[in-house]
Amino acid sequence: MTDEIPGGLKDSLLALERDASGLVDEAADKAELESARVALFGRRGSITALGKQLAGLSADQKRAAGKRINSLRSSLTEQLKNRSDSLDAQAQARELEGPPLDYSLPAYAPEPGHPHPLASSMEEVRSILESMGFATAEGPQVEDEYHNFEALNIPADHPARDMQDTFFTRDGHLLRTHTSPVQIRIMEKSSPPVAVIAPGAVYRQDDDITHSPMFHQVEGLLVDKGVHFGHLKGVLTEFLRALFDEDLGVRFRPSYFPFTEPSAEVDISCVICSGSGAVENSRCRVCSGTAWVEILGAGMVHPAVFEAVGYDPGVYSGFAFGVGIERVAMLRFGIADIRHFYSQDLRFLQQF
Ligand code: FA5
């Protein structure tokens with residue numbers, strides 16, 4: 001049968017049968033072995049080239065030459081595998097013969113971690129409010145429009161929605177823009193009296209040095225018979241003084257939220273310039289020289305909100321507030337740029 005293989009092809013076959021094994025066995029390491037494999041089986045390799053010479057041969061010649069090429073291919077494949085195994089074994093043996101591990105070298109001590117400044121601020125806010133009698137509740141971050149807006153007296157065409165743009169899904173869900181929808185969820189499933197806080201992440205289309213697209217709020221809600229604005233002022237002043245400083249100045253400015261009436265923005269005297277408006281004779285950057293910084297929004301729960309959850313506004317009254325945790329942390333630690341909290345930069349985080 002061999003005799004049927006034409007001379008040129010037969011010579012190439014004989015040469016490869018003679019030389020290819022040497023190429024594999026002489027490979028001194030994995031890189032040389034890989035070069036040998038490519039030289040034989042690669043796109044331009046010798047075995048591949050032999051296969052291409054089969055075209056144009058008669059059927060008998062093809063059968064005879066194909067058989068020889070196949071057997072050469074399988075014996076070389078096996079040889080490649082054996083050589084690879086023996087190179088691995090040699091490498092392992094060399095490693096075992098080398099110097100032993102030095103167990104007396106000092107270990108890498110793990111650096112002690114600590115809570116993130118946002119986590120510690122959140123914890124501080126929570127523990128103060130819990131110590132004042134509020135229970136903690138949670139609500140979903142993926143909300144429906146009803147709880148995030150409508151039940152809070154913000155109908156579909158209300159301009160207040162513009163200030164709280166967020167991601168919407170096609171089926172009417174959204175990433176909540178504030179923690180206020182948790183007020184609705186709590187009142188829907190419980191009767192007064194209610195005293196709860198709801199901490200968590202919220203989302204808006206905001207992005208600058210004091211506004212982040214994802215940030216954290218803690219909502220507060222207190223409902224009972226006879227609750228009035230004096231209670232709101234007392235609780236929030238007490239809370240802010242426990243959080244920052246017992247002599248802290250606190251002021252309530254008239255404001256507007258669709259879900260509270262009356263509403264207030266609450267300012268504290270700037271903790272960076274101690275309420276003076278200046279740091280080392282220049283204008284304080286945090287309060288822009290005004291001596292006050294806004295810390296939260298609050299107000300008396302709007303009767304329309306009570307109606308949405310089935311509470312009788314003629315019998316019950318209550319107050320609610322929402323505090324931004326990033327803002328609290330920036331003031332507690334004197335941080336000028338909100339983006340530091342999310343940069344994961346150890347030079348920043350190790351300062352706390
Ligand atoms: C609200 O979100 C209201 N739901 C608060 C509220 C609750 C009012 C209950 C009345 C009753 P406002 O949009 O002002 O209000 O946000 C409240 C606080 O969240 C702000 O004072 C600020 O500290 C913080 N905040 C708002 N937007 C951002 C943002 N993009 N990045 C970081 N903090 C923010």
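Structure shown above.
These figures come from a predicted structure and were not determined experimentally.

Enquirer: Explain the site of the ligand to me, please; I cannot follow it from the model alone.
Expert: Looking at the ligand, there are 24 residues lining it, with H178, S180, R204, D206 and S212 nearest. Side-chain polar atom of D206 to a nitrogen atom of the ligand: 2.8 Å apart, as the coordinates give it. Measuring from an oxygen atom of the ligand, one finds a side-chain N or O atom of Q217 at 3.1 Å. Protein chains shield 93% of the accessible area of the ligand, which is 680 Å² for the free molecule. Of all elements in the fold, only β5 (214-224), β10 (292-301) and β11 (317-324) reach the threshold of two or more residues within the shell around the ligand. Tallied by class, residues from the shell around the ligand come to eight nonpolar, eleven polar and five charged.

Enquirer: Help me out: how do you make sense of the pairing of strand β6 (residues 250-257) in this one?
Expert: Remember that side chains alternate between the two faces of the sheet whenever the strand is regular. Two elements, β6 and strand β7 (residues 260-269), share seven bridges in a ladder whose sense is antiparallel. Within the sheet, the bridge partner assigned to F252 lies in β7 and is V266. Counted between consecutive antiparallel strands, the loop separating β6 from β7 contains two residues.

Enquirer: What's the story with the pairing of strand β4 (residues 194-203) in this structure? I'm lost.
Expert: Counting buried positions along β4 yields nine of ten residues, so the element is predominantly enclosed. With two bridges connecting them, strand β1 (residues 135-136) and β4 associate as parallel partners. Paired with A135 across the bridge in β4 is V196. In this structure, β4 lies alongside β5, joined through ten bridges in antiparallel fashion. Of the residues in β5, the one forming a bridge with V196 is L221.

Enquirer: I'm lost on the packing of aromatic side chains in this one. Help?
Expert: Centre-to-centre distance and the angle between the planes together describe a pair of aromatic rings. In this structure the tally under the stated criterion is ten aromatic pairs. On the basis of an interplanar angle of 75° and a centroid distance of 6.1 Å, the ring pair of F341 and F348 is categorised as edge-to-face. Taking the relative accessible area as the measure of exposure, F341 reaches 2% and is therefore buried. Accessibility expressed as a relative area gives 9% for F348, which makes it buried. Following the ring pairs from residue to residue traces out a cluster consisting of F134, F239, F319 and F321.

Enquirer: Which parts of the structure should I look at to understand the sheet that holds β5?
Expert: Strand-to-strand pairing in sheets goes through backbone hydrogen bonds, with the strands running parallel or antiparallel. What the seven strands build is an open sheet, ordered β1-β4-β5-β11-β10-β7-β6; its pairing is mixed. Each having just a single partner strand, β1 and β6 make up the two edges of the open sheet. Relative to β5, helix α7 (residues 181-189) is tilted by about 40°, and along the sheet it contacts β4, β5 and β11.

Enquirer: What is the right way to look at the packing of helix α1 (residues 7-25) against helix α4 (residues 59-97) in this model?
Expert: Working note: a packed helix pair is described by the angle between its axes plus the distance between those axes. Across the interface, α1 lies against α4 with an axial gap of 10 Å and an inter-helix angle of 5°. The angle between the axes of α1 and α4 places the two elements in the roughly parallel class. Residues L9, L13, L14, L16, E17, A20, S21, V24 and D25 of α1 form the contact with α4, whose own contacting residues are A65, R68, I69, L72, L76, Q79, L80 and R83. Partitioning the contact of α1 with α4 into residue classes produces eleven nonpolar, two polar and four charged.

Enquirer: How should I be thinking about a nonpolar patch on the surface in this particular structure?
Expert: Together, I272, V279 and V286 make up an exposed nonpolar region whose accessible area comes to about 180 Å². Looking at V279, the relative accessible area reads 34%, which means it is partly exposed.

Enquirer: Which parts of the structure should I look at to understand the environment of R73?
Expert: Relative to the helices and strands, R73 resides in helix α4. As a C-alpha pair, R73 and D88 span 15 residues in sequence and 23 Å in three-dimensional space. In this view, R73 contacts F41 and I47; residues no more than four positions away in its chain are not counted.

Analysis parameters
- Every chain is numbered independently, its residues counted from 1 as its sequence is written.
- Residues qualify for local features only when their pLDDT is at least 70, as the model is predicted, and side-chain atom pairs are given and counted only at 80 or more; totals for whole chains, interfaces and linings, by contrast, use all residues.
- Think of the side-chain values as coming from all heavy atoms in the structure, minus any hydrogens and water.
- Residues are classed as near a molecule or strand on a simple rule: at least one heavy atom within 4 Å of it.
- Polar contacts, as used here, are pairs of N or O atoms within 3.5 Å; protein pairs need one atom able to donate a hydrogen and one able to accept it. Residues neighboring in sequence count only if both atoms are side-chain atoms.
- Residue exposure ignores everything except the shown protein chains as possible cover, and the areas themselves are Shrake-Rupley values with a 1.4 Å probe.
- Helical segments are the DSSP runs of H or I of at least four residues, strand segments are the runs of E of at least two, and each set is numbered from the N terminus.
- Gly is put with the polar residues, along with every residue not named as nonpolar or charged; the nonpolar set is Ala, Val, Leu, Ile, Met, Phe, Trp, Tyr, Cys and Pro, and the charged set is Asp, Glu, Lys and Arg.
- Only strands joined by at least two bridges in the DSSP assignment are considered to pair.
- Residue burial is assigned from relative accessible area. The probe radius is 1.4 Å, only protein chains are included, and a residue is buried under 20% of its type maximum, exposed over 50%, and partly exposed in between.
- Side-chain rings of Phe, Tyr and Trp, where Trp is taken by its six-membered ring, are said to pair if the distance between their centres is within 6.5 Å; with planes under 30 degrees apart they count as stacked, over 60 as edge-to-face, and otherwise as tilted.
- Contacts between residues were defined by any pair of non-hydrogen atoms, one from each residue, lying within 4.5 Å.
- A fitted line through C-alpha atoms represents every axis, and for helices the fit uses only the stretch in contact; the resulting angles, taken between N-to-C directions, go from 0 to 180 degrees.
- Throughout this description, any angle smaller than 35 degrees is read as roughly parallel, any larger than 145 degrees as roughly antiparallel, any in the 65 to 115 degree range as roughly perpendicular, and the remainder as oblique.
- Within the patch definition used here, like charges are joined within 9 Å and nonpolar side chains (Val, Leu, Ile, Met, Phe, Trp, Tyr) within 5 Å, considering only residues with over 30% relative accessible area and no salt bridge.
- Only one rule defines a salt bridge in this text: a Lys or Arg side-chain nitrogen within 4 Å of an Asp or Glu carboxyl oxygen.

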